[in-house]
Amino acid sequence: MKKEQYSISEDNFEQCLKCTVCTVYCPVSSVNPLYPGPKQAGPDGERLRLKDKAFFDETLKMCLNCKRCEVACPSGVKIGDIIQRARMNYGPKKVKFRDMILANTDFVGTMANIVAPVVNFTLGMKPVKVVMDKVMAIDHRRSFPKYSATKFETWYKRNVASKQSQYANQVSYFHGCYVNYNFPKLGQDLVKIMNALGYGVQLLEKEKCCGVALMSNGLIDQATKQAKQNITSIRKSGLKVLTTSSTCTFTMRDEYPHLLDVDNADVRDNISLATRFIYQLLEDGKVKIAFRKDYKARIGYQTACHMEKMGWKIYSILLMKMIPGVDLIELDSTCCGIGGTYGFKKENYETSQKIGSPLFKQIEESKLDFVATDCETCKWQIEMSTSKQVQNPISVIADAIDVEETIKLNKK
């Protein structure tokens, strides 16, 4: 079967009704008139590109791969995948130095962890931001996430690795770049919760970045190599693999086979967002959880785009609603605008901020204590653009859980 035939069959673009619902729901189209919209960039353009690759349009780079067009499509056309594959197959093969740096999170994170205080201070300096803006086209108004001096993997091996085998039940954890290099506390929070529920947490034998940034920035061969390594490690674990990032989850479950042709059929259902897994345990009566009586918070929940695509926001929402002292406000399901590395690029910054402005306004007007979301880049965007801090729902649960009482409940 030719690749062109595979694309038609898998992406289902011939089923496009030309209704333009996808364009109505596209965050980019609503703020940037230069972007032709997902219908034209996706199904319409693909008909031409299959005849002649010269029909590739540079405006495809304006797509931030949020997948909201696919959520809206009444015919199940994989519009976002069509656009991403077109960028991969027909776009420029030479990758900019800036894009290589933004995409190689494992390399950059490893280097940054060694001198984290220096890196964090330097990246916050205005002269450095100006230089990066002029030389690398990374917008000077963009704030960078802080790096941790100690990687999550290091903390895990030093503090809890030897204790995990004592639990009768076991899960694996795909922690991702953000937890490993920027915010180990999220991984620590997951271990805290799972141990209280009677589950040991194992790390995968070999884990690499999920590759979403590599795909978005044109480093397809590297993304494919890392995807194959991750799937091999997941197979070897033989356990349910939990994640704490909606984007990592979506990438490994759906984009590996659709965009990288990496087969994950035998392990796809073993990859689950941690909130989904925990909720299902509670729903099935396999575990019980007790919460502190003194925990109080008014929380706004932001539905990350890839969370919307998977249809899994309900698990995070219902889990947080179980906490007696939580007043949960479900924010309007709109894109925050950052799109991973998209919002860091100078040419996209204005579009990124315009997309997120309705969300930022709602957050400021809702009198929240903080915001919760399952996406780390949403966290960066919201914290930079509003006065509110952002937590992952797992960290909310970890802060609210009564560990001793939960352990007692699960020993009965």
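See the structure printed just above.
This section reports on the structure supplied with the text. No experiment lies behind these values; they were computed from the predicted model shown.

Looking only at helices and strands, the protein chain has 22 helices and eight strands in total. Over its C-alpha trace the protein chain gives a radius of gyration of 21 Å, about what one expects of a compact globule, namely 22 Å for 412 residues. Oriented by its inertia axes, the alpha-carbon framework of the protein chain measures out at about 65 × 50 × 40 Å. Taken over 412 residues, the protein chain has a buried fraction of 56%.

In terms of nonpolar packing, the biggest core is built from 78 residues, with Met194, Tyr295 and Ile299 touching the most fellow members. Leave out the neighbours within four places in its chain, and Met194 touches Val171, Tyr199, Val201, Leu242, Phe277 and Ile278.

What follows covers the pattern of salt bridges. Within the structure shown, the criterion is met by 25 salt bridges. Note that Asp266 and Arg235 form a salt bridge whose closest N and O atoms lie 2.7 Å from each other. A residue pair is termed long-range when its members are at least 10 positions apart, and Asp266 in the loop between α15 (246-259) and β4 (271-273) and Arg235 in helix α14 (residues 220-237) qualify at 31 residues. Given a relative accessible area of 37%, Arg235 falls into the partly exposed group.

Contact geometry for helix α3 (residues 38-49) and helix α5 (residues 79-90): axes closest at 9 Å, N-to-C directions at 55°. With respect to their mutual orientation, α3 and α5 come out oblique. For the crossing formed where α3 meets α5, the hand is left-handed. For the pair α3 and α5, contact is made by Pro38, Ala41, Gly42, Pro43, Glu46 and Arg49 and by Ile79, Ile82, Ile83, Ala86 and Tyr90, respectively. Of the residues in the contact of α3 with α5, the class split is eight nonpolar, one polar and two charged.

Attention now goes to the environment of Asn182. Its place among the elements puts Asn182 in helix α11 (residues 176-182). Put simply, Asn182 and Ala112 are 70 residues apart on the chain and 9.5 Å apart in space, counted from C-alpha to C-alpha. Not counting chain neighbours up to four residues away, the residues in contact with Asn182 comprise Pro145, Lys146, Tyr147, Ser148 and Cys177. Engagement of the side chain of Asn182 in a polar contact is seen with the backbone oxygen of Lys146, the distance being 2.9 Å.

Reading across from one edge, β6-β5-β7-β8 is the order of the four strands in this open sheet, with parallel pairing throughout. The sheet terminates laterally at β6 (326-330) and β8 (390-391), the two strands that pair on one side only.

Counting through the fold element by element, Glu376 comes out in helix α20 (residues 376-385). Taking the C-alpha atoms as reference, Glu376 lies 8.9 Å from Gln391; in sequence the two are 15 residues apart. Those residues in contact with Glu376 that lie beyond four places of it in its chain are Tyr178 and Ser245.

Inspection of the secondary structure assignment puts Asn348 in the loop between β6 and α19 (349-365). Judged by its relative accessible area of 8%, Asn348 is buried. At 3.2 Å, the side chain of Asn348 and the backbone oxygen of Tyr342 are in polar contact.

Turning our attention to the pairing of strand β1 (residues 169-174). Across five bridges, the pairing between β1 and strand β2 (residues 199-203) is parallel. Considered in β2, the bridge of Val171 is made with Val201. The pairing of β1 with strand β3 (residues 241-243) spans three bridges and is parallel. Within the sheet, the bridge partner assigned to Ser172 lies in β3 and is Val241.

A few words on α20. Judged by how many residues are buried, α20 sits mostly within the fold: seven of 10 residues are covered. Every buried residue belonging to α20 is among Glu376, Thr377, Cys378, Lys379, Trp380, Gln381 and Ile382, and all of these are buried. On its buried side, α20 packs onto α11, α19, β7 (370-372) and β8.

Criteria and cut-off values
- Numbering of residues starts from 1 in each chain and follows the order in which that chain's sequence is written.
- Local features in this predicted model are restricted to residues whose pLDDT is 70 or higher, and side-chain atom pairs enter the listing and the counts only when it is 80 or higher, whereas totals over whole chains, interfaces and linings include all residues.
- Here the side-chain values reflect all heavy atoms present in the structure, with hydrogen atoms and water set aside.
- Only runs of H or I of at least four residues qualify as helices and only runs of E of at least two qualify as strands under DSSP, and these elements are numbered from the N terminus.
- Within these notes, the globule rule equals 2.2 Å times the number of residues to the 0.38 power, and the radius of gyration is based on C-alpha atoms.
- Summary of the burial criterion: residues with accessible area below 20% of their type's maximum are buried, those above 50% are exposed, and those between are partly exposed, where the area comes from a 1.4 Å probe applied to protein chains only.
- The criterion is simple. A nonpolar core is a set of buried Ala, Val, Leu, Ile, Met, Phe, Trp, Tyr and Cys residues joined through side-chain atoms within 4.5 Å.
- Contacts were defined at the residue level, with two residues in contact if any of their heavy atoms lie within 4.5 Å.
- A side-chain nitrogen of Lys or Arg and a carboxyl oxygen of Asp or Glu constitute a salt bridge if their distance falls within 4 Å.
- Helix axes are fitted to C-alpha atoms over the stretch in contact, other axes to C-alpha atoms as well, and angles between N-to-C directions run from 0 to 180 degrees.
- Roughly parallel means an angle under 35 degrees; roughly antiparallel means over 145; roughly perpendicular covers 65 to 115; every other angle is labelled oblique.
- Crossing handedness: left-handed means the near helix sits turned counterclockwise from the far one by under a right angle, and right-handed means the same turn made clockwise.
- Classification used: nonpolar for Ala, Val, Leu, Ile, Met, Phe, Trp, Tyr, Cys and Pro, charged for Asp, Glu, Lys and Arg, polar for all others including Gly.
- What qualifies as a polar contact is a pair of N or O atoms within 3.5 Å, subject to a donor-acceptor requirement within protein and to the restriction that residues adjacent in sequence count only when both atoms come from side chains.
- Each pair of strands is called paired provided DSSP finds at least two bridges between the two strands.

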